[in-house]
Amino acid sequence: MQQGKSEPFRSVILAGERPGGSPLSQVFDVPASVMVPVAGTPCLTHVMRAITDSKVADGGVICGPSADAVASSEQLQALLEHPDYTWLEQATGPAASALSALQKLGQFPALLTAGDHALLTAEIIDDFCHQAVQHSDTGNYDLVIGFVPYALVKATWPQSRRTVLKFSNGQFCGSNLFAIMNPSARMALEFWRQAEADRKHPWRIARRFGFIALLRYLFRRLTLEEALQALSEAAGCRIGHVEVGYARAAVDVDSVEDQLLAEKILSETGHY
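In this text the structure is predicted, and so the values were computed from the model without any measurement.

Reading guide: rules and limits
- Residues numbered from 1 in each chain as written.
- Predicted model: local features only at pLDDT ≥ 70, side-chain atom pairs only at ≥ 80, totals over all residues.
- Heavy atoms only, no water.
- Helix = DSSP H or I, 4+ residues; strand = E, 2+ residues; numbered from the N terminus.
- Buried < 20%, exposed > 50% of the residue type's maximum accessible area, 1.4 Å probe, protein only.
- Contact = heavy atoms within 4.5 Å.
- Salt bridge = Lys/Arg side-chain N within 4 Å of Asp/Glu carboxyl O.
- Core = buried A, V, L, I, M, F, W, Y, C linked by side-chain atoms within 4.5 Å.
- Phe/Tyr/Trp six-rings, centres within 6.5 Å; stacked < 30°, edge-to-face > 60°.
- Axes fitted to C-alpha atoms, helices over the stretch in contact; angles between N-to-C directions.
- Parallel < 35°, antiparallel > 145°, perpendicular 65-115°, else oblique.
- Nonpolar A, V, L, I, M, F, W, Y, C, P; charged D, E, K, R; others polar.
- Patch = residues over 30% accessible without salt bridge, like charges linked within 9 Å, V, L, I, M, F, W, Y side chains within 5 Å.
- Areas by Shrake-Rupley, 256 points an atom, 1.4 Å probe, with all protein chains shown as cover.
- Pairing = 2+ DSSP bridges.

A. Representation of the overall build of the chain in the model. Helix and strand content of the chain: twelve helices and ten strands. Going through the 272 residues of the chain one by one, you find that 51% of them count as buried. The contacts in the chain between residues at least 6 apart in sequence include a share of 76% that link residues at least 24 apart.

Printed below as a string of C-alpha coordinates:
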(Lines give C-alpha, C1' and ligand atoms only; values in the text may rest on other atoms or scores of the structure.)
Protein backbone atom coordinates (compact mmCIF):
# COMPACT_ATOMS: atom_id res chain seq x y z
CA MET A 1 0.00 0.00 0.00
CA GLN A 2 1.25 3.47 -0.82
CA GLN A 3 2.59 5.55 2.06
CA GLY A 4 -0.09 7.72 3.65
CA LYS A 5 -3.02 5.52 2.74
CA SER A 6 -5.06 4.83 5.87
CA GLU A 7 -7.60 2.19 4.90
CA PRO A 8 -6.88 -1.09 3.12
CA PHE A 9 -9.21 -0.86 0.14
CA ARG A 10 -7.99 -2.79 -2.87
CA SER A 11 -9.68 -2.17 -6.21
CA VAL A 12 -11.44 -4.07 -8.95
CA ILE A 13 -11.95 -2.30 -12.27
CA LEU A 14 -14.45 -3.88 -14.63
CA ALA A 15 -13.19 -3.34 -18.18
CA GLY A 16 -15.14 -5.94 -20.10
CA GLU A 17 -16.48 -5.53 -23.61
CA ARG A 18 -19.55 -6.85 -25.35
CA PRO A 19 -19.00 -9.69 -27.84
CA GLY A 20 -18.10 -8.09 -31.15
CA GLY A 21 -17.26 -4.78 -29.50
CA SER A 22 -19.47 -1.95 -28.33
CA PRO A 23 -20.87 0.68 -30.72
CA LEU A 24 -18.85 3.31 -28.85
CA SER A 25 -15.53 1.52 -29.33
CA GLN A 26 -16.34 1.15 -33.01
CA VAL A 27 -17.08 4.88 -33.35
CA PHE A 28 -13.69 5.75 -31.86
CA ASP A 29 -11.89 2.83 -33.52
CA VAL A 30 -10.44 1.48 -30.27
CA PRO A 31 -10.22 -2.17 -29.20
CA ALA A 32 -12.48 -1.68 -26.15
CA SER A 33 -14.77 1.00 -24.80
CA VAL A 34 -12.48 1.61 -21.81
CA MET A 35 -9.94 2.91 -24.34
CA VAL A 36 -12.26 5.64 -25.65
CA PRO A 37 -10.33 8.91 -25.23
CA VAL A 38 -11.54 11.71 -23.00
CA ALA A 39 -9.39 14.83 -23.13
CA GLY A 40 -6.88 12.77 -25.11
CA THR A 41 -6.55 10.06 -22.47
CA PRO A 42 -8.25 6.64 -22.39
CA CYS A 43 -11.07 6.24 -19.87
CA LEU A 44 -9.22 3.40 -18.18
CA THR A 45 -6.18 5.60 -17.60
CA HIS A 46 -8.36 8.21 -15.89
CA VAL A 47 -9.74 5.55 -13.55
CA MET A 48 -6.33 4.11 -12.74
CA ARG A 49 -4.95 7.59 -12.01
CA ALA A 50 -7.83 8.37 -9.66
CA ILE A 51 -7.15 5.19 -7.69
CA THR A 52 -3.41 5.87 -7.63
CA ASP A 53 -4.02 9.38 -6.26
CA SER A 54 -6.53 8.13 -3.68
CA LYS A 55 -5.56 8.12 -0.02
CA VAL A 56 -7.65 5.06 0.83
CA ALA A 57 -7.59 2.79 -2.20
CA ASP A 58 -4.87 0.92 -4.05
CA GLY A 59 -4.61 -1.05 -7.27
CA GLY A 60 -5.76 -4.61 -7.60
CA VAL A 61 -7.43 -6.40 -10.51
CA ILE A 62 -8.54 -5.16 -13.92
CA CYS A 63 -11.06 -7.62 -15.32
CA GLY A 64 -11.36 -7.34 -19.09
CA PRO A 65 -11.31 -6.73 -21.88
CA SER A 66 -10.89 -9.98 -23.80
CA ALA A 67 -7.52 -11.47 -24.64
CA ASP A 68 -8.14 -10.72 -28.32
CA ALA A 69 -8.77 -7.05 -27.58
CA VAL A 70 -5.63 -6.85 -25.46
CA ALA A 71 -3.55 -8.57 -28.13
CA SER A 72 -4.71 -6.05 -30.74
CA SER A 73 -3.54 -2.94 -28.87
CA GLU A 74 -0.02 -2.12 -27.69
CA GLN A 75 -1.41 0.87 -25.79
CA LEU A 76 -3.80 -1.36 -23.86
CA GLN A 77 -1.06 -3.92 -23.22
CA ALA A 78 1.12 -1.17 -21.77
CA LEU A 79 -1.67 -0.02 -19.47
CA LEU A 80 -2.30 -3.54 -18.20
CA GLU A 81 1.38 -4.00 -17.38
CA HIS A 82 1.02 -1.49 -14.54
CA PRO A 83 2.77 -3.03 -11.50
CA ASP A 84 -0.15 -2.23 -9.15
CA TYR A 85 -2.63 -4.29 -11.17
CA THR A 86 -3.21 -7.85 -12.30
CA TRP A 87 -5.15 -8.35 -15.52
CA LEU A 88 -7.85 -10.98 -15.69
CA GLU A 89 -9.82 -11.86 -18.80
CA GLN A 90 -13.47 -10.87 -18.63
CA ALA A 91 -16.11 -13.46 -17.76
CA THR A 92 -19.55 -13.87 -19.34
CA GLY A 93 -20.97 -10.65 -17.89
CA PRO A 94 -20.23 -7.81 -15.44
CA ALA A 95 -21.40 -9.71 -12.35
CA ALA A 96 -19.48 -12.87 -13.27
CA SER A 97 -16.42 -10.71 -13.98
CA ALA A 98 -16.76 -9.02 -10.59
CA LEU A 99 -17.00 -12.38 -8.84
CA SER A 100 -13.98 -13.72 -10.72
CA ALA A 101 -11.96 -10.58 -9.98
CA LEU A 102 -12.80 -10.64 -6.26
CA GLN A 103 -11.71 -14.26 -6.07
CA LYS A 104 -8.44 -13.28 -7.74
CA LEU A 105 -8.05 -10.26 -5.45
CA GLY A 106 -8.66 -12.29 -2.29
CA GLN A 107 -8.88 -9.25 -0.04
CA PHE A 108 -11.59 -7.17 1.62
CA PRO A 109 -12.76 -4.48 1.70
CA ALA A 110 -12.60 -3.83 -2.02
CA LEU A 111 -13.65 -0.95 -4.20
CA LEU A 112 -15.52 -2.03 -7.32
CA THR A 113 -15.85 0.43 -10.18
CA ALA A 114 -16.03 0.61 -13.97
CA GLY A 115 -13.24 1.17 -16.45
CA ASP A 116 -15.26 3.76 -18.36
CA HIS A 117 -15.71 6.00 -15.27
CA ALA A 118 -13.48 8.66 -16.82
CA LEU A 119 -14.62 11.47 -14.49
CA LEU A 120 -13.70 9.56 -11.34
CA THR A 121 -11.31 11.42 -9.03
CA ALA A 122 -9.33 10.56 -5.94
CA GLU A 123 -11.54 12.94 -3.96
CA ILE A 124 -14.68 11.03 -4.98
CA ILE A 125 -13.07 7.68 -4.15
CA ASP A 126 -11.88 8.84 -0.73
CA ASP A 127 -15.25 10.34 0.17
CA PHE A 128 -17.11 7.22 -0.92
CA CYS A 129 -14.79 4.78 0.84
CA HIS A 130 -14.80 6.76 4.09
CA GLN A 131 -18.60 6.90 4.04
CA ALA A 132 -18.83 3.20 3.20
CA VAL A 133 -16.64 2.24 6.16
CA GLN A 134 -18.64 4.40 8.56
CA HIS A 135 -21.97 3.16 7.21
CA SER A 136 -20.86 -0.45 7.31
CA ASP A 137 -19.65 -0.10 10.89
CA THR A 138 -23.02 1.39 11.86
CA GLY A 139 -25.30 -0.99 9.98
CA ASN A 140 -23.12 -4.08 9.62
CA TYR A 141 -23.47 -3.95 5.84
CA ASP A 142 -21.75 -6.41 3.53
CA LEU A 143 -22.11 -4.25 0.42
CA VAL A 144 -22.41 -0.47 0.22
CA ILE A 145 -23.59 1.20 -3.00
CA GLY A 146 -23.03 4.83 -3.92
CA PHE A 147 -25.94 6.87 -5.29
CA VAL A 148 -25.87 10.43 -6.61
CA PRO A 149 -28.95 12.59 -5.94
CA TYR A 150 -30.54 13.30 -9.31
CA ALA A 151 -31.34 16.87 -8.23
CA LEU A 152 -27.61 17.52 -7.98
CA VAL A 153 -26.96 16.10 -11.44
CA LYS A 154 -29.89 17.99 -12.96
CA ALA A 155 -28.79 21.26 -11.40
CA THR A 156 -25.24 20.80 -12.65
CA TRP A 157 -26.00 19.60 -16.20
CA PRO A 158 -29.66 20.31 -17.02
CA GLN A 159 -29.40 18.91 -20.56
CA SER A 160 -27.72 15.64 -19.61
CA ARG A 161 -29.83 12.51 -19.95
CA ARG A 162 -29.22 10.06 -17.12
CA THR A 163 -30.83 6.87 -15.94
CA VAL A 164 -32.86 7.82 -12.87
CA LEU A 165 -34.07 5.52 -10.10
CA LYS A 166 -37.28 6.95 -8.69
CA PHE A 167 -38.28 6.30 -5.09
CA SER A 168 -40.84 7.82 -2.80
CA ASN A 169 -38.13 9.65 -0.87
CA GLY A 170 -36.04 10.87 -3.79
CA GLN A 171 -34.56 10.25 -7.20
CA PHE A 172 -31.04 8.95 -7.66
CA CYS A 173 -28.46 8.10 -10.30
CA GLY A 174 -25.93 5.33 -10.01
CA SER A 175 -22.28 6.16 -9.38
CA ASN A 176 -20.60 2.89 -10.42
CA LEU A 177 -19.04 2.80 -6.95
CA PHE A 178 -19.48 -0.29 -4.80
CA ALA A 179 -17.75 -1.11 -1.52
CA ILE A 180 -17.40 -4.87 -1.10
CA MET A 181 -16.90 -4.95 2.65
CA ASN A 182 -16.53 -8.70 3.22
CA PRO A 183 -16.97 -12.07 1.47
CA SER A 184 -20.73 -12.14 2.17
CA ALA A 185 -21.19 -9.37 -0.40
CA ARG A 186 -20.46 -11.91 -3.11
CA MET A 187 -24.00 -13.19 -2.55
CA ALA A 188 -25.29 -9.89 -3.95
CA LEU A 189 -23.05 -10.26 -6.99
CA GLU A 190 -24.29 -13.81 -7.51
CA PHE A 191 -27.86 -12.45 -7.34
CA TRP A 192 -26.84 -9.82 -9.92
CA ARG A 193 -25.39 -12.57 -12.13
CA GLN A 194 -28.64 -14.52 -12.00
CA ALA A 195 -30.63 -11.38 -12.77
CA GLU A 196 -28.43 -10.75 -15.82
CA ALA A 197 -29.27 -14.26 -17.04
CA ASP A 198 -32.98 -13.44 -16.64
CA ARG A 199 -32.84 -10.02 -18.31
CA LYS A 200 -35.04 -11.24 -21.19
CA HIS A 201 -37.55 -12.61 -18.69
CA PRO A 202 -38.51 -9.64 -16.47
CA TRP A 203 -41.10 -11.60 -14.52
CA ARG A 204 -38.40 -13.95 -13.28
CA ILE A 205 -36.55 -10.92 -11.94
CA ALA A 206 -39.79 -9.67 -10.40
CA ARG A 207 -40.23 -12.98 -8.58
CA ARG A 208 -36.77 -12.66 -7.10
CA PHE A 209 -37.63 -9.28 -5.55
CA GLY A 210 -41.23 -10.02 -4.67
CA PHE A 211 -44.24 -8.69 -6.56
CA ILE A 212 -45.38 -6.41 -3.75
CA ALA A 213 -42.03 -4.63 -3.59
CA LEU A 214 -41.97 -4.36 -7.38
CA LEU A 215 -45.45 -2.84 -7.51
CA ARG A 216 -44.61 -0.40 -4.75
CA TYR A 217 -41.54 0.71 -6.69
CA LEU A 218 -43.48 1.07 -9.95
CA PHE A 219 -46.03 3.28 -8.19
CA ARG A 220 -43.26 5.18 -6.37
CA ARG A 221 -44.41 4.01 -2.96
CA LEU A 222 -41.06 2.46 -2.08
CA THR A 223 -38.21 4.32 -0.38
CA LEU A 224 -34.63 3.68 -1.41
CA GLU A 225 -34.01 2.06 1.98
CA GLU A 226 -37.00 -0.25 1.53
CA ALA A 227 -35.81 -1.20 -1.94
CA LEU A 228 -32.37 -2.11 -0.62
CA GLN A 229 -33.96 -4.08 2.20
CA ALA A 230 -35.93 -6.09 -0.37
CA LEU A 231 -32.75 -6.60 -2.37
CA SER A 232 -30.90 -7.67 0.79
CA GLU A 233 -33.54 -10.28 1.54
CA ALA A 234 -33.51 -11.58 -2.03
CA ALA A 235 -29.71 -11.74 -2.20
CA GLY A 236 -29.11 -13.06 1.30
CA CYS A 237 -26.75 -10.34 2.50
CA ARG A 238 -26.99 -6.83 3.97
CA ILE A 239 -26.88 -4.02 1.39
CA GLY A 240 -26.67 -0.36 2.31
CA HIS A 241 -26.07 2.89 0.49
CA VAL A 242 -24.41 6.27 0.83
CA GLU A 243 -24.98 9.47 -1.10
CA VAL A 244 -22.15 10.63 -3.32
CA GLY A 245 -22.16 14.41 -3.43
CA TYR A 246 -20.38 14.82 -6.76
CA ALA A 247 -22.47 15.20 -9.91
CA ARG A 248 -19.63 13.94 -12.10
CA ALA A 249 -19.75 10.58 -10.30
CA ALA A 250 -23.02 9.90 -12.15
CA VAL A 251 -21.36 10.11 -15.57
CA ASP A 252 -19.67 7.13 -17.16
CA VAL A 253 -18.67 7.09 -20.81
CA ASP A 254 -20.89 4.52 -22.49
CA SER A 255 -22.24 6.66 -25.35
CA VAL A 256 -21.02 9.35 -27.72
CA GLU A 257 -23.19 11.83 -25.84
CA ASP A 258 -21.50 10.94 -22.56
CA GLN A 259 -18.06 11.19 -24.14
CA LEU A 260 -18.85 14.72 -25.31
CA LEU A 261 -20.20 15.62 -21.85
CA ALA A 262 -17.07 14.23 -20.18
CA GLU A 263 -14.89 16.25 -22.56
CA LYS A 264 -16.90 19.37 -21.70
CA ILE A 265 -16.67 18.79 -17.96
CA LEU A 266 -12.91 18.27 -18.04
CA SER A 267 -12.36 21.32 -20.22
CA GLU A 268 -14.42 23.47 -17.84
CA THR A 269 -12.96 22.19 -14.59
CA GLY A 270 -9.40 21.67 -15.76
CA HIS A 271 -9.38 18.54 -13.58
CA TYR A 272 -7.82 15.79 -15.68
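B. Molecular detail of the pattern of salt bridges. Scanning the entire structure with this criterion turns up four salt bridges. Among the salt bridges present, the one from Glu268 reaches Lys264, with a minimum N-O distance of 2.7 Å. Within this pair, Glu268 and its partner Lys264 are both found in helix H12 (residues 256–269), separated by four residues, close to a single helical turn. Classification of Lys264 by relative accessible area gives partly exposed; the value is 43%.

C. Local environment of the nonpolar core. Judged by nonpolar contacts, the single largest core of 54 residues is most densely connected at Ile13, Leu44, Leu111, Ile125, Phe128, Val153 and Val253. Element by element, the count of residues in this core is highest for helix H2 (residues 43–53), at six residues. Look past the residues within four positions of Ile125 in its chain and what remains in contact with it is Ala50, Ile51, Ser54, Val56, Ala57, Leu111 and Leu120. One finds Leu88, Phe147, Ala185 and Leu224 within the second-largest nonpolar core, a separate group that totals 30 residues.

D. The packing of aromatic side chains, seen in detail. Inspection of every chain in the model, using the stated rule, returns two aromatic pairs. Centre to centre, the rings of Phe167 and Phe172 are 6.4 Å apart; their planes meet at 55°, and the pair counts as tilted. The residues Phe167 and Phe172 share a single accessibility class, namely buried. Put simply, the rings of Phe147, Phe167 and Phe172 touch in pairs and so form one group of aromatic residues.

E. Main features of H2. Counting buried positions over the eleven residues of H2 gives eight, a clear majority of the element. Here H2 has its buried residues at Cys43, Leu44, Thr45, His46, Val47, Met48, Ala50 and Ile51.

F. Just the packing of helix H8 (residues 186–197) against helix H11 (residues 224–235), in detail. The N-to-C vectors of H8 and H11 enclose an angle of 90°; their axes lie 9 Å apart at closest approach. Of the possible angle classes, the one that applies to H8 and H11 is roughly perpendicular. Residues Met187, Ala188 and Phe191 of H8 form the contact with H11, whose own contacting residues are Leu231, Ala234 and Ala235. Per-class residue counts for the contact of H8 with H11 are six nonpolar, no polar and no charged.

G. Expanded view of a nonpolar patch on the surface. A contiguous nonpolar patch, built from Val27, Val256 and Leu260 and spanning about 270 Å² of accessible area, is present on the exposed surface. With respect to the helices and strands, Leu260 occurs in helix H12. Given the relative accessible area of 54%, Leu260 is considered exposed.

H. Up close: the pairing of strand S9 (residues 170–180). Pairing of strand S6 (residues 110–114) with S9, which is carried by four bridges, proceeds in the antiparallel orientation. Within S9, the position partnered with Thr113 by the bridge is Leu177. Looking at chain direction, strand S7 (residues 143–149) and S9 are connected through six bridges and run antiparallel. By the bridge assignment for S9, Ile145 is matched with Phe178. Here strand S8 (residues 165–167) folds back onto S9 in antiparallel fashion, the turn holding two residues.

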